[in-house]
Amino acid sequence: MSEGYITCAYGKQTYLDQAINLACSIRRLDKERSIAILTDFKMQEVAEEHCAKGIFDKVHVLENWKLRGMMGKIACVEVTTFDRTMFFDSDCLLVRDPLFLWEKMREQHFSIQGEISLEGFYSGVNILFWFEKFNIKYLPMFNGGCYCWDSEGSNVLLRAGEILKSSKENMIPTGTGGAADDQPAIGIAMAETGIMPLPNSLNLHFSTFRSINLQLDLEKNYCRFLKGSFWAEPCVLHYNSLAGIEMYRSSSRKVLEKEVAKLRHSFGLKDCSWPRPNFRTVL
C-alpha cells in the first residue's frame, strides 16, 4: 500500500513558500514517502521548478476557485494517487521522525488528533443543534491541519464537503479567511460513522494557537511550546501563519523564522517572505 503526503497552496508566492518549507521538513526526516502539492495555474511553474529540485514529487493543478476554503481539502482527496494520504496545512512543519505518526494514523480509515464534546458551543453555535440535525451523539473537536485517510476514510471528507455546501442551513460558522469552517463539518462526518479522534496525549499534532514560548530546533528534532496549562511536544508543528498579530510579533515567531531559514539553506534555498496575519484574530 503506497503512502504519501499532500498539501495545498495557491494564489500567492508566500503560501507556496510555506508549502516548500513543509516539504523540506518532511524530506529531511522521511526519505521513503512521496510529497505532493495541489496548487493553481498561477503557481504551477514555481511548484514544478521545486519538483525538479527534488522538493516535491508530484504537482497537481486545478483552477483557483476549486481550491478555496474547504474545497482545496476536498480536491486533495480527489487528486491523490496514494493508497493512504497524510494531509498537512501548508503552514505546518514535520519536526520529529514520522514513524510513530504514521503508525498511529494507520489505526483508522480516517485519523485526526483531538477530543470530543458532548455539550457546549462552537463559535457561538450550540452543538446540540448538530446532534439533533445529523443524529450524532458527540462532536470531535480538533485543529484540522493534519489528518490521514485511506480509500474508505476519504468518505469522511467528501461528506464534510456536502455538509459545507449547505453551510447556512447547517449553521456552520465562518472560519479564519472568511470561508465556512471545515472543522465542525469534518467532525460531524466523523461522528456520523462512529469515528473517534486520536487522543491529544499522543502529541501527534498541535497548533500554536493561544500558545507562548515556542522552543524549536529542527536539527535536533526538538519542539515544544506552552499551550494553555501544558507543554505541547508535537510531531507536527502547526504555526498558524495567519492566526494573529501576537504570534506575528512575538519571540515565538522569531524562533520559527530563524529555524525555517536554516532549513531552507540546508536545501540550497533562499530565505522566504512571510504572509501578514489576520489582524482580526487574537491569540
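In case you missed it, the structure is sitting above this.
Criteria and cut-off values
Residues numbered from 1 in each chain as written. Predicted model: local features only at pLDDT ≥ 70, side-chain atom pairs only at ≥ 80, totals over all residues. Heavy atoms only, no water. Helix = DSSP H or I, 4+ residues; strand = E, 2+ residues; numbered from the N terminus. Buried < 20%, exposed > 50% of the residue type's maximum accessible area, 1.4 Å probe, protein only. Contact = heavy atoms within 4.5 Å. Expected span 1.5 Å × (residues − 1). Axes fitted to C-alpha atoms, helices over the stretch in contact; angles between N-to-C directions. Left-handed = near helix turned anticlockwise from the far one by under 90°. Pairing = 2+ DSSP bridges. Parallel < 35°, antiparallel > 145°, perpendicular 65-115°, else oblique. Nonpolar A, V, L, I, M, F, W, Y, C, P; charged D, E, K, R; others polar. Salt bridge = Lys/Arg side-chain N within 4 Å of Asp/Glu carboxyl O. Core = buried A, V, L, I, M, F, W, Y, C linked by side-chain atoms within 4.5 Å.

Visitor: Explain the overall build of the chain to me, please; I cannot follow it from the model alone.
Guide: From N to C terminus, the chain includes nine helices and 17 strands. If you line up the chain on its principal axes, its C-alpha atoms span 55 × 40 × 35 Å. For the chain, the residues scored as buried account for 56% of the 283 residues in total. Here the contacts in the chain between residues at least 6 apart in sequence split such that 72% fall between residues at least 24 apart.

Visitor: What's the story with helix α1 (residues 13-29) in this structure? I'm lost.
Guide: Since the α-helix turns once every 3.6 residues, residues separated by three or four places project in the same direction. The first and last C-alpha atoms of α1 sit 25 Å apart over 17 residues, in line with the 24 Å expected at 1.5 Å per residue. Within α1, 13 of the 17 residues are buried, which leaves the element mostly enclosed by the surrounding structure.

Visitor: For this particular structure, what's the right way to read the packing of helix α3 (residues 70-79) against helix α6 (residues 154-165)?
Guide: Packed helices, taken two at a time, are described by the angle between their axes plus the distance between the axes. Running from N to C, α3 and α6 cross one another at 145 degrees; their axes reach a closest spacing of 10 Å. Between α3 and α6 the crossing geometry is left-handed. The segment α3 lies against α6, with Met70, Ile74, Val77 and Glu78 engaging Ser154, Leu157, Leu158, Ala160, Gly161 and Leu164.

Visitor: How should the sheet that holds strand β14 (residues 211-217) be read in this particular structure?
Guide: Consider a sheet: its strands pair through backbone hydrogen bonds, and that pairing is either parallel or antiparallel. The strand order across the open sheet formed by three strands is β14-β15-β16, and the pairing between neighbours is antiparallel. Every interior strand has two partners, whereas the edge strands, β14 and β16 (230-232), have only one. In this sheet, neighbouring strand axes are inclined to one another by 20 degrees on average, regardless of whether the strands run parallel or antiparallel. Where β14 and strand β15 (residues 222-227) come together, five bridges link them in antiparallel fashion. Residue pairing for β15: serine 211 is matched across the bridge by lysine 227.

Visitor: Just to check I follow, could you spell out the packing of α1 against helix α9 (residues 251-266) for this structure?
Guide: At their nearest, the axes of α1 and α9 sit 10 Å apart, and the two run at 70 degrees to each other. Comparing their axes, α9 and α1 come out roughly perpendicular. Considering the relative orientation of α1 and α9, their crossing is left-handed. Across from Asp17, Ile20, Asn21, Cys24, Ser25 and Arg28 in α1, the residues of α9 making contact are Val260, Leu263 and Arg264. In terms of residue class, the contact of α1 with α9 is built from four nonpolar, two polar and three charged.

Visitor: Would you mind going over the pattern of salt bridges with me for this structure?
Guide: Two side chains bearing opposite charge may form a pair once their charged atoms approach each other closely. Going through the model one piece at a time under the given rule, you end up with 16 salt bridges. Of the charged contacts, one joins arginine 264 and aspartate 17 as a salt bridge, the two residues approaching to 3.7 Å between their closest N and O atoms. A residue pair is termed long-range when its members are at least 10 positions apart, and arginine 264 in helix α9 and aspartate 17 in helix α1 qualify at 247 residues. Residue arginine 264 is classed as buried on the basis of its relative accessible area of 5%. Overall, the relative accessible area of 7% leaves aspartate 17 in the buried class. One salt bridge in this structure joins arginine 253 and glutamate 257, with 3.1 Å as the shortest N-O distance. With arginine 253 and glutamate 257 both in helix α9 and four residues apart, this pair spans about one turn of that helix. On the basis of relative accessibility, which here comes to 2%, the residue arginine 253 falls in the buried class. Owing to a relative accessible area of 30%, glutamate 257 belongs among the partly exposed residues under this scheme.

Visitor: Mind showing me how you'd approach the sheet that holds strand β5 (residues 92-94) here?
Guide: A sheet is described by the order of its strands in space; here three strands give the open sequence β5-β17-β13, paired in mixed fashion. With partners counted over all chains shown, the strands left at the sheet margins are β5 and β13 (205-207), one partner each. Strand-to-strand twist of the sheet, defined as the mean angle between neighbouring strand axes without regard to direction, takes the value 20 degrees. Pairing of β5 with strand β17 (residues 236-238) involves three bridges; the strand directions are antiparallel. Looking at β17, one finds that leucine 94 is bridged to valine 236.

Visitor: Please clarify how the nonpolar core should be interpreted in this entry.
Guide: Here is a general trend for soluble globular proteins: nonpolar side chains tend to be buried in one another's company. Judged by nonpolar contacts, the single largest core of 45 residues is most densely connected at Phe88, Leu237 and Leu256. With seven residues, the single largest contributor to this core is α1. Counting 42 residues, the second largest nonpolar core, distinct from the first, contains Ala75, Phe110, Phe131 and Trp149.

Visitor: Please explain the pairing of strand β11 (residues 146-150) as it appears in this structure.
Guide: Remember that side chains alternate between the two faces of the sheet whenever the strand is regular. Where burial is concerned, most of β11 is hidden: five out of the five residues are buried. Across the two faces of β11 the burial is the same, with Cys146, Cys148 and Asp150 and Tyr147 and Trp149 all buried. Of the strand pairs in this sheet, strand β4 (residues 84-88) and β11 are connected by five bridges, and their pairing is antiparallel. Within β11, the residue paired with methionine 86 across the bridge is cysteine 148.

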